[in-house]
Amino acid sequence: MKWGFVMNCGCESYNDLTLQRNDISKRIKESKMQKEVFKLIAKHSNGEEKLYVCNECNQLWQGSYAWNFGNGEYLFKIPSIEIKKWEEEHYTAPDEILIYLALMDRFLTENKFVASEENCRREHCNNKAVKGLNLCLEHHIESLQYIGNLPKTPKGKLSDPYGLIYTRYKAIFDDLSCY
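The sections below set out a description of the structure shown in this document. Quick caveat: nothing in here was measured; it's all calculated off a predicted structure.

### A look at the overall build of the protein
The helix and strand tally for the protein stands at 5 helices and 6 strands. Helices and strands appear in the protein in the N-to-C order α-β-β-β-β-α-α-β-β-α-α. Over its C-alpha trace the protein gives a radius of gyration of 20 Å, far above what one expects of a compact globule, namely 16 Å for 179 residues. Projected onto the principal axes, the alpha-carbon positions of the protein cover approximately 75 × 35 × 30 Å.

### A look at the nonpolar core
Tyr 74, Phe 76, Ile 78 and Phe 107 are the most contacted members of the largest nonpolar core, which has 32 residues in total. Those elements that place two or more of their residues in this core are α1 (21-37), β2 (50-54), β3 (60-66), β4 (72-78), α3 (94-110), α4 (137-146) and α5 (162-177). Broken down by element, the residue count for this core peaks at 7 residues, all from α3. Residue contacts for Ile 78: discarding those within four places in its chain leaves Leu 51, Gln 59, Leu 60, Trp 61, Gln 62, Trp 86 and Tyr 91. If you look at the next biggest cluster of nonpolar residues, it comprises 8 residues, including Cys 9, Cys 11, Tyr 52 and Trp 61.

### Remarks on the state of the cysteines
A full pass over the atoms with the stated rule returns 0 disulfides. No disulfide involves Cys 120; its sulfur sits 3.9 Å from that of Cys 136, the nearest cysteine. For Cys 120, a relative accessible area of 6% translates into the label buried.

### Side note on the environment of Thr 109
Along the chain, Thr 109 turns up in helix α3. In this structure Thr 109 comes out as exposed when scored by relative accessible area, which is 54%. Within polar-contact distance, the side chain of Thr 109 engages the backbone oxygen of Asp 105 at 2.8 Å.

### Looking at α4
Among the residues of α4, those classed as buried are Leu 137, His 139, His 140, Ile 141, Leu 144 and Gln 145. Backbone geometry just downstream of α4 places Gly 148 in the positive-phi region, at approximately 90°.

### Details of the packing of α3 against α4
Two numbers describe how α3 lies on α4: the axes approach to 13 Å, and their chain directions differ by 125°. As summarised for this structure, α3 and α4 are arranged oblique, according to the angle between their axes. Two packed elements cross with a definite hand, and for α3 against α4 that hand is right-handed. Taking contact as the criterion, the partners of Tyr 100, Met 104, Phe 107 and Leu 108 in α3 are, on α4, Leu 137, His 140, Ile 141, Leu 144 and Gln 145. In terms of residue class, the contact of α3 with α4 is built from 7 nonpolar, 2 polar and no charged.

### What to know about the sheet that holds β4
Read from one edge of the open sheet, 4 strands run β1-β2-β3-β4, paired in antiparallel fashion. The sheet terminates laterally at β1 (38-43) and β4, the two strands that pair on one side only. Neighbour-to-neighbour, the strand axes of the sheet open up by a mean angle of 35°, direction not taken into account. Here β1 pairs with β2 via 5 bridges, running antiparallel. Counted as the bridge partner of Lys 39 is Val 53 from β2. Contacts from α1 reach β1, β2, β3 and β4 within the one sheet, and its direction differs from that of β4 by about 80°.

Thresholds, definitions, all that
- Residues numbered from 1 in each chain as written.
- Predicted model: local features only at pLDDT ≥ 70, side-chain atom pairs only at ≥ 80, totals over all residues.
- Heavy atoms only, no water.
- Helix = DSSP H or I, 4+ residues; strand = E, 2+ residues; numbered from the N terminus.
- Rg over C-alpha atoms; globule rule 2.2 N^0.38 Å.
- Core = buried A, V, L, I, M, F, W, Y, C linked by side-chain atoms within 4.5 Å.
- Buried < 20%, exposed > 50% of the residue type's maximum accessible area, 1.4 Å probe, protein only.
- Contact = heavy atoms within 4.5 Å.
- Disulfide = S-S within 2.5 Å.
- Polar contact = N/O pair within 3.5 Å; in protein donor to acceptor, adjacent residues only side chain to side chain.
- Axes fitted to C-alpha atoms, helices over the stretch in contact; angles between N-to-C directions.
- Parallel < 35°, antiparallel > 145°, perpendicular 65-115°, else oblique.
- Left-handed = near helix turned anticlockwise from the far one by under 90°.
- Nonpolar A, V, L, I, M, F, W, Y, C, P; charged D, E, K, R; others polar.
- Pairing = 2+ DSSP bridges.

Written as structure tokens, this is what we have:
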């Protein structure tokens, strides 16, 4: 029998979050206990994200506030990264990806976009404008994001599995924007 050190931190029992409201709500509750055994090692300059480390297994966790879930802080696993690099660019929070994908999906499926014969009026854009607009769908979305009618594209590094999910859905949105 091989003897080894057994870690009792429980980090391995926390799965990656699914991009589901109830999973994020549950993690907000669980994170209160998790933070008691983790060490805070950095705070992002935006004042929202925090970087924690497990004292036993050295797993890194990012703390983010889910404004759409009562602004509760929750933790999710992130890959190993130097503190300086994390401070430069934190990881994208799963709740931000969830909200972005849900709202963009609704916008793109509830509206019908048809290409016109005219080009987009945005300089250096060769896409066709949406019928009834002077912009292509991509630039129309950007303008709606700018005025706050659509969510801004989430900022930060994408770690898996969230990066894989985001990339898959973003490809679907991009296909739709080609009409």
